[in-house]
Amino acid sequence: MATVTIRLSRPHPKQAEILASPARFRVLACGRRFGKTVYGLHRLVRPALDGRPVAWFAPSYKYLGEVWRDFGRALKPVIARTNRTEGRIELITGGSIEFWSLEDEDAGRSRKYAHVVVDEAAKCRNLEAAWNGAIRPTLTDYRGGADFLSTPKGRDFFWRAWTWGQDPLETEWASWQLPTVCNPFIDPAEVEAARRQMPERLFRQEFLAEFLDDAGGVFRRVAESIDRGRSGNRCLMEPRRTYSMGIDLARIEDFTVVTVIDNTGRQLYFDRFNQISWERQLASIRQAASWYRPVIYCDSTGVGDPIFERLVNAGLDAYPYQLTNASKQQLIDHLAMELEHGKLRLMDVPEQEAELLAFQYELTKTRKVRMAAPEGMHDDCVIALALAAWGAGGAGVRVDSIGVF
Ligand SMILES: Nc1ncnc2c1ncn2[C@@H]1O[C@H](COP(=O)(O)OP(=O)(O)O)[C@@H](O)[C@H]1O
Ligand SMILES: [Mg+2]
């Protein structure tokens, strides 16, 4: 009988320890590059070679390309057929591996699996509903098992599942929390370099795999900074106050937001609009500017540039702010500091509050820190407020070049 050899990397010690666990459901909270995906591959290859159906779930299609190739490469000698469109690899043993994006509402529906892996579990929106409604039922027939793999992201469903793994009474569940440095193939010096380059909380989450209360949130003390019930844009000019206006201009899908704060840090004006003509937007900006006579900081990136020109031509005291990755970071850091030190009193505007709370640090693929709204959310309230706070901070030292990069 011909023998076929499958070559897989040898699991590193921590991966081997978890692979040996008899728990039916396993939750691995691990730092970035711990080796979660490699572990998941090991986990599914065995039952598939034994002739059973297994599945890989990820938050979206973009996570599936690489792992599809990894499986294809590892199992090449035993593949009977592959179907990329259906996301299915069939083996000559009768086993199969199916790949699902959890963006797809029908993911896994009416399938039967002997084992599943949910990769980047904390990035899946509605993980709880997907688990209960779609994934868990696929395991009934074979009494299959599941592995949840992820870097933590706050106290979400992934975290709850992780706590079941720590509970001796939940006998089917086991969980681990392991830092990136457990992976002997990652140079510890690289991890140290990352530590120096990023906010400490983000490092603890991404490399030490800690579940943080405020996840990757950038702004703290948001709730304490809001005057509950204070809304409305009444012009309350007071003696010896100066005013600063921040304007974030709409791009294709988002909003134009105009915010005014005074030099004591009190937010006095908030306006948000989309899909109205630039003429009407300019008119309402000019109106607010006529009340407060503010220094104006306006996002002048791209479409903002001609609008900025119009503000200057209208005789307003306007300054451009080019939003690049670096200048945005500086702007946001400044706002974060003002909030943290209790220097701002904000109006009670639900969409502004929601954006501030959701705004988060992100690590890019090249491991640069980026600050942004989560997918599907806007950040225009945040940018407008940050520009207003920037202007208020700079009032009195109105150097033309502030904020121009
Ligand atoms: N057992 C192993 N043997 C060799 N290399 C490994 C092993 N486990 C992980 N690696 C390598 O470490 C890096 C991170 O692994 P990966 O599984 O992508 O991590 P994660 O999914 O946790 O971010 C990859 O380059 C991978 O090839
Ligand atoms: Mg991975």
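**Focus on the domain arrangement of the chain**
Alright, step 1. Structurally, the chain comprises domain 1 (13–206) and domain 2 (223–394).
Alright, step 2. Put simply, the middle of domain 1 and the middle of domain 2, counted by C-alpha atoms, are 40 Å apart.
Alright, step 3. Taken together, the 13 residues of domain 1 in the interface contact eight residues of domain 2.
Alright, step 4. Summed over both sides, the interface between domain 1 and domain 2 buries roughly 890 Å², with carbon and sulfur atoms accounting for 54% of that surface.
Alright, step 5. It is R32, P199 and L202 that lose the most area in domain 1 upon contact with domain 2, and together they represent 40% of the buried surface on that side.
Alright, step 6. Our count for the contact surface shared by domain 1 and domain 2 stands at zero salt bridges.

**Side note on the nonpolar core**
Alright, step 1. Core analysis: the biggest nonpolar cluster contains 36 residues, and V218, F219, I332, L335 and L356 have the highest contact counts within it.
Alright, step 2. Mapped onto this core, the elements with two or more residues apiece are α6 (188–197), α7 (200–206), β12 (295–299), β13 (317–321), α10 (325–340), β15 (369–372) and α12 (380–394).
Alright, step 3. For this core, the domains that each give at least three residues are domain 1 (13–206) and domain 2 (223–394).
Alright, step 4. Excluding residues that lie within four positions of it along the chain, V218 makes contacts with R201, I332, A336, F359, Q360, Y361 and M371.

**With respect to the site of ligand 1**
Alright, step 1. Near ligand 1 you find 13 residues, and of these R10, Q15, R33, K36 and T37 are the closest.
Alright, step 2. Here G35 contributes a backbone N or O atom positioned 2.9 Å from an oxygen atom of ligand 1.
Alright, step 3. The backbone of V38 places a nitrogen or oxygen atom 3.0 Å from an oxygen atom of ligand 1.
Alright, step 4. Alone, ligand 1 offers 560 Å² of accessible surface; in the complex the protein occludes 75% of this.
Alright, step 5. No other element matches the three residues that helix α2 (residues 36–49) contributes to the shell around ligand 1.
Alright, step 6. Residues that form the shell around ligand 1 fall into these classes: four nonpolar, six polar and three charged.

**Side note on the sheet that holds strand β11 (residues 267–273)**
Alright, step 1. Overall, mixed pairing links the five strands, which are arranged β11-β10-β9-β12-β13 in an open sheet. Here the strands that pair on one side only, and so sit at the sheet edges, are β11 and β13. Within the sheet, the average angular offset between the axes of one strand and its neighbour, ignoring direction, is 15°.
Alright, step 2. Each of β9 (243–248), β12 and β13 touches helix α9 (residues 304–313); the most contacted strand, β13, lies at about 165° to it.
Alright, step 3. Docked against the sheet, helix α11 (residues 350–358) engages β10 (256–262) and β11, running at close to 90° with respect to β11.

**Concerning the pairing of strand β8 (residues 173–178)**
Regular strands show a simple pattern: their side chains alternate between the two faces of the sheet.
Alright, step 1. Most of β8 sits out of view: five of its six residues are buried.
Alright, step 2. As paired elements, strand β1 (residues 25–30) and β8 share six bridges and run parallel to each other. Looking across to β8, one finds that C30 is bridged to L178.

**Looking at the pattern of salt bridges**
Alright, step 1. A complete count under the given rule lists 26 salt bridges for this structure.
Alright, step 2. One salt bridge connects D147 with R26, and the closest N-O pair in it is separated by 3.1 Å. Taken as a pair, D147 in strand β7 (residues 145–150) and R26 in strand β1 lie far apart in primary sequence, 121 residues in all. Both residues of the pair, D147 and R26, belong to the buried class.
Alright, step 3. Bridged by salt links that share partners, the residues R81, R88, E90, E98 and R111 form one connected network.

**Some words on the sheet that holds strand β5 (residues 96–101)**
Alright, step 1. If you trace the eight strands from one edge of the open sheet to the other, you get β3-β4-β5-β2-β6-β7-β1-β8, paired in mixed fashion. Strands with a single pairing partner mark the edges of an open sheet, and in this sheet they are β3 (79–83) and β8. In this sheet, neighbouring strand axes are inclined to one another by 15° on average, regardless of whether the strands run parallel or antiparallel.
Alright, step 2. As judged from the four bridges shared by strand β6 (residues 115–118) and β7, these two strands associate in the parallel manner. Bridging from a neighbouring strand, V117 pairs with D147 of β7.
Alright, step 3. This element, helix α3 (residues 64–75), spans β2 (53–58), β3, β4 (88–91) and β5 of the sheet and lies at about 170° to β5.
Alright, step 4. With respect to the sheet, helix α4 (residues 127–138) is in contact with β1, β2, β6, β7 and β8, its orientation differing from that of β6 by roughly 160°.

**Some details on unusual backbone geometry**
Alright, step 1. A positive phi angle is found at R33, which is not glycine, with a value near 65°.
Alright, step 2. If you trace the backbone, R33 turns up in the loop between β1 and α2.
Alright, step 3. Notably, R221 is not glycine yet its phi reads approximately 60°, a positive angle.
Alright, step 4. Inspection of the secondary structure puts R221 in the loop between α7 and β9.
Alright, step 5. Overall, the relative accessible area of 40% leaves R221 in the partly exposed class.

**Here's the deal with the state of the cysteines**
Alright, step 1. In total, this model carries zero disulfides according to the counting rule given.
Alright, step 2. In this structure C124 is not part of a disulfide, and its nearest cysteine sulfur, from C30, lies 15 Å away.
Alright, step 3. Given a relative accessible area of 9%, C124 falls into the buried group.
Alright, step 4. C381 carries a free sulfur, and the closest cysteine sulfur to it, the one in C298, is 16 Å from it.

Calculation rules
Residues numbered from 1 in each chain as written. Chains lettered and ligands numbered in written order. Predicted model: local features only at pLDDT ≥ 70, side-chain atom pairs only at ≥ 80, totals over all residues. Heavy atoms only, no water. Domains from an automatic or database assignment. Contact = heavy atoms within 4.5 Å. Buried area = accessible area lost by both parts, 1.4 Å probe. Salt bridge = Lys/Arg side-chain N within 4 Å of Asp/Glu carboxyl O. Core = buried A, V, L, I, M, F, W, Y, C linked by side-chain atoms within 4.5 Å. Buried < 20%, exposed > 50% of the residue type's maximum accessible area, 1.4 Å probe, protein only. Helix = DSSP H or I, 4+ residues; strand = E, 2+ residues; numbered from the N terminus. Near = heavy atom within 4 Å. Polar contact = N/O pair within 3.5 Å; in protein donor to acceptor, adjacent residues only side chain to side chain. Areas by Shrake-Rupley, 256 points an atom, 1.4 Å probe, with all protein chains shown as cover. Nonpolar A, V, L, I, M, F, W, Y, C, P; charged D, E, K, R; others polar. Pairing = 2+ DSSP bridges. Axes fitted to C-alpha atoms, helices over the stretch in contact; angles between N-to-C directions. Disulfide = S-S within 2.5 Å.

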